[in-house]
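Remarks on the overall topology
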Amino acid sequence: MTCRDRRIPFRFSAAVGGVVVALAAAACTSDSGGSGGRISVEEFEGKAKSVTAGAPCPFAFDVARALKTVGANRPVVPDSPPAEGGSSPAEPAQPARPSGPTSPAMPAIPAVPARSSISCSYLVGDADLSLTVIASPAAKTAQNFALPLLMHDGGMAMDQATTFVSTLLPPGSARVTPGAGTAAFYRVPVSGDGDIGLVVGVEGHDDADAPLPDLTGAHLETLAMELGKAVKG
């Protein structure tokens with residue numbers, strides 16, 4: 001499993017995309033992410049643009065140390081490719097479209113803010129650990145843009161995912177997905193406007209359903225808190 005497989009999908013399925021866009025559009029009130037911001041969205045976007053093929057992760061994630069804090073003594077090596085960056089420009093609102101002879105009716109779609117991401121991938125013993133940082137200049141949107149990735153890595157159904165993002169996390173806090181607890185979201189304290197979040201996902205090499213008790217649930221939530229501290233300018 002590489003970070004390309006787990007990178008934030010900026011083109012969503014119709015069902016998931018509708019929820020993401022609606023949530024993001026509803027979150028446009030001003031919010032700088034709280035005090036004590038460690039990185040601005042502009043700084044993050046610069047880092048995302050600097051990620052080239054084969055380049056190391058631009059954030060100093062000390063995965064081995066973070067694993068030890070949750071009692072997981074596992075070997076750590078960067079996956080291949082070790083990092084990827086991506087971005088999508090803002091998209092204008094789309095009016096509703098009536099049905100035609102060859103196409104169904106489409107509801108109106110709100111405008112979608114710009115967003116960018118950096119994904120770093122690691123092999124940790126018999127598991128893959130993916131760290132995907134998502135940023136947008138629009139307030140309170142990172143958690144919503146993370147939804148498709150949280151659904152993928154956390155194995156969440158649509159109703160679980162909608163509930164997961166319905167409460168905005170305060171900056172500097174994390175939440176693990178329900179069930180097996182194989183994904184977690186950490187909201188990064190931001191300097192200035194916009195929003196940044198970190199998605200931490202874990203999956204076993206041989207069996208995606210095999211339990212990883214030292215890396216899931218409350219352990220993964222703590223791991224997200226520790227690794228999130230490295231997201232800084």
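Residues numbered from 1 in each chain as written. Predicted model: local features only at pLDDT ≥ 70, side-chain atom pairs only at ≥ 80, totals over all residues. Heavy atoms only, no water.

What to know about the sheet that holds strand β4 (residues 174–176)
Put simply, the rule reads: Note on pairing: DSSP must find at least two bridges between two strands before they are called paired. Segments assigned H or I by DSSP are reported as helices when at least four residues long, segments assigned E as strands when at least two residues long, and all are numbered from the N terminus. Only the stretch in contact is used when a helix axis is fitted, and all axes are lines through C-alpha atoms; the angle between N-to-C directions ranges over 0 to 180 degrees. We call two residues contacting when some pair of their heavy atoms lies within 4.5 Å.
Sheet architecture is open: six strands sit in the order β1-β2-β3-β6-β5-β4, paired in antiparallel fashion. The sheet is open, and its two borders are formed by β1 (76–88) and β4, each paired with just one other strand. When the angles between neighbouring strand axes are averaged without regard to direction, this sheet yields 15 degrees. Judged from the nine bridges that link them, β1 and strand β2 (residues 115–124) form a sheet pairing that is antiparallel. What sits directly across from A83, in β2, is C120. Together, β3 (127–136), β4, β5 (183–188) and β6 (195–204) form the strand contacts of helix α8 (residues 218–228), whose direction differs from that of β5 by roughly 35 degrees.

Re the environment of P92
The cut-off we apply is this: Throughout this description, buried means an accessible area under 20% of the type-specific maximum (1.4 Å probe, protein chains only), exposed means over 50%, and partly exposed covers the range between.
If you trace the backbone, P92 turns up in the loop between β1 and β2. Of the residues examined, P92 reaches a relative accessible area of 57% and is grouped as exposed. Distance from P92 to I109, taken between C-alpha atoms, is 8.7 Å for residues 17 residues apart in sequence.

Some thoughts on the side chain of R175
Note the threshold: Side-chain atoms alone can form a polar contact between residues adjacent in sequence; in general such a contact is a pair of N or O atoms within 3.5 Å, and within protein one must be able to donate a hydrogen while the other accepts it.
Mapped onto the fold, R175 is located in strand β4. A polar side-chain atom of R175 sits 3.2 Å from the main-chain carbonyl oxygen of T167. In contact with R175, not counting residues within four places along its chain, are Q143, F164, T167, L169, A183, A184, F185 and E221.

Fair warning: the whole summary comes from geometry, so function is off the table for now.
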